[in-house]
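Residues per chain, in single letters:
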Amino acid sequence: MKTEKKRMYWDVSRICCWIALLFFAAGCDAKDDVADTPVPDNWIQNLPEEVTFNVQGGEREVTFNVAEGVDLSHIGCIMEEANRKWCDVTLDEGTMSIKVPPSSYYRSAVLTLVYDESHRQTLTVKQDADFSAYFQDETCAELREGLTDEEIAAIPSDQIRELALAMKAGNYDPEFRAAVYRPYQDPAIMADANKTSRYSQCDNPTGIFAEKDETLYIWVGKLYEGANLQLMFLGLDGGYGNQGKLTLVQGLNKVVAPITGEIYVQNFVTDDIPLVLDTDEARQQAAAKSVAIHFLFGKVNGYFDIQKHTKADWDRILDIAINSGYGYIDLLGKRAQITWEAKQFKDNESRAGRTITGTDVTDDGNTDKDEIWKIIETYDNLVYWEQEFAGLVKYNRMFNNRLHFCIDNTASSPNASNYRTVYPAKITSPYNGEMFFEPNAFKARLWGPAHEAGHVNQVRPGAKWAGMTEVTNNIYCLYAQEKVGANCKLQVDKINPKDENGVSQGSDIIYNAATKLIVDGERAHCLPGISSITRETQLVPFWQLYLYIVKARGQEDFYKDLYEYFRENESPSEKGQNAGLDQLDFVRQACRISNLNLIDFFTKWGFLRPCNATLNDYGNKDFVVSQADIDALVKEIESAGYDEPAADIYKITDNTWQSYK
């Protein structure tokens, strides 16, 4: 005789009591063969691991077999309390009936069939947020051909149904609202590996903005295992720090915007996926963890990506951004990202987007490129040059995120930190505005963005010890000036440094002023006691190492190898020692990597002068270089047998380096 159908929803917390009752009942009935018959390991057979429903839900019957001697009436089913509200299960001997109602949300439940304490088997019931029956693609951006009004009326979601009706009526544009977002490596990974600040967290702009407290319906396609998908809202009217984040799940999400701002998708992974997907392998890596997202009826602001959009798209997208109500626009290159006021591109006298002709081009003579193209490529080049100089290209350490150049209405001056470099909105400053929407201004204005990007790229503490925060980042600036053919700042800019008593040392070009202050003045390189240091004076010896070792001697990898050493090895301060020993270690490694005895050079520039000071470098920092430590280092270098450099290399400049060959 068949047993009566059982609807068994056992909460996990009740399973122990249920099993105990089973054993008690079996022990009290001496005639029950179940108590005396061993239960085989394969007590249940042909039970599937998973049963999947679509958004419409429905009812499925799952049949299974049991081994000889197993009593079907003895089988119970466990399910978590929360899942009992939507997953209805009944057992009838060897048949399990599963009923699931319609839903636009992804959900899953684990059913556990239990015979006794040692014999149990699980089955997972899933309901996918899959609207493929109604749309032609995973982003829900295009209706399935021939979809009827009756079929649309049956869509189990008010929001998706409204979307389908709008599409059928031709009243919906999915551009920017529906897209597939690739994964980017978590910026912290390469920053930790390269001992730098973190690159952009905004690589995935959506071109959608929201107003504070606005309710958003966001459809998310199938998520890969381990995905942690987040939205970042960035409200630049309140500065770069005006942010809010929300987590997305698979299926339809209903969220409330925490602030007014542009929305970015953060699909971060630990995988080493290249920033530029220029190989089939890289493209496959990215595709495996890409996620389809649709912002239903989202407010479109747009963005411009030179790897995705064409020159003809620029005017159209710029007008969208200007008229959207948000006002900012993201420009994406291969390695750089610019976020700026859209209206300033439009109002620029030479109008970004028009074709450059004739003498308007000051560097490469290319009349085929639009200005917007040149702007983005210029910043792509800047990012590449700095990574190249630091040896990241040579050592396959290039960042897997872009470097972000972003407007900040709350900043009083340009600055850099994790995830971004920012610039005040005022275009009256030579550091702001013009260099982002006028390509021909970059050559004269590059020091600002190169300086801030240099902060992000500083290798710390090996090339950024106490006192060097505003110094060694500028080596990258000088290299960028050389790459674009600009005059070296040290060669053409005049400064008027002051001594410990605030007395002016006289105005002169930086090379001469620095030599007079440090070399002739026999001061320590960190310039202790000088409260207002002109940092370019301390920059000179670092650039002279480049001019002599890299250019005159042809050791092109000098700085690349030097930075790699500091990335791969602990500096003294990382071991808890005083930062003054970081400076001495820089001398040690520069001599070793160049195979040159540079004691005279570093002595003249004050690296090998005793010092015991507290330096004001974004906070007070102790800095000690003792005579004993200097003597020990000099002895070490003298005994290494390095080659002798040319005489007086502390005098080398951009105009004289060829005479040092």
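Anything mentioned here points back to the structure above.
Residues numbered from 1 in each chain as written. Predicted model: local features only at pLDDT ≥ 70, side-chain atom pairs only at ≥ 80, totals over all residues. Heavy atoms only, no water.

Before going further, it helps to spend a moment on the sheet that holds strand E2 (residues 50–53). With respect to topology, 4 strands assemble into an open sheet ordered E2-E9-E8-E5, the strand pairing being mixed. Edge strands, defined here as strands with exactly one partner in the open sheet, are E2 and strand E5 (76–78). Geometrically, the sheet is characterised by an average inter-axis angle of 25° between neighbouring strands, direction not taken into account. Inspection of the sheet shows E5 paired to strand E8 (residues 107–116) by 3 bridges, in the antiparallel sense. In the sheet register, Ile-78 faces E8, and the bridge partner there is Thr-112. (Pairing = 2+ DSSP bridges. Helix = DSSP H or I, 4+ residues; strand = E, 2+ residues; numbered from the N terminus. Axes fitted to C-alpha atoms, helices over the stretch in contact; angles between N-to-C directions.)

This part takes up the pairing of strand E21 (residues 328–332). In terms of burial, E21 is a largely internal element, 5 of the 5 residues being buried. By the alternation rule, side chains of E21 split into Tyr-328, Asp-330 and Leu-332 and Ile-329 and Leu-331, which are all buried. For strand E20 (residues 304–305) and E21, the ladder comprises 2 bridges, and the chain directions are parallel. Of the residues in E21, the one forming a bridge with Asp-305 is Leu-332. Where E21 meets strand E22 (residues 336–341), 5 bridges bridge the pair, whose relative direction is antiparallel. Of the residues in E22, the one forming a bridge with Leu-331 is Ile-338. Hairpin geometry of E21 and E22 is characterised by an intervening segment of 3 residues between the two adjacent antiparallel strands. (Buried < 20%, exposed > 50% of the residue type's maximum accessible area, 1.4 Å probe, protein only.)

Below, the discussion takes up the pattern of salt bridges. A complete count under the given rule lists 28 salt bridges for this structure. Close ionic contact of Arg-397 with Glu-564 constitutes a salt bridge, the shortest N to O distance being 2.9 Å. Residue Arg-397 is located in the loop between helix H9 (371–389) and strand E23 (403–407), and its partner Glu-564 is located in helix H17 (residues 558–568); the two are separated by 167 residues in the primary sequence. You can call Glu-564 buried: its relative accessible area is 10%. A salt bridge links Arg-567 to Glu-564; the nearest nitrogen and oxygen atoms lie 2.9 Å apart. (Salt bridge = Lys/Arg side-chain N within 4 Å of Asp/Glu carboxyl O.)

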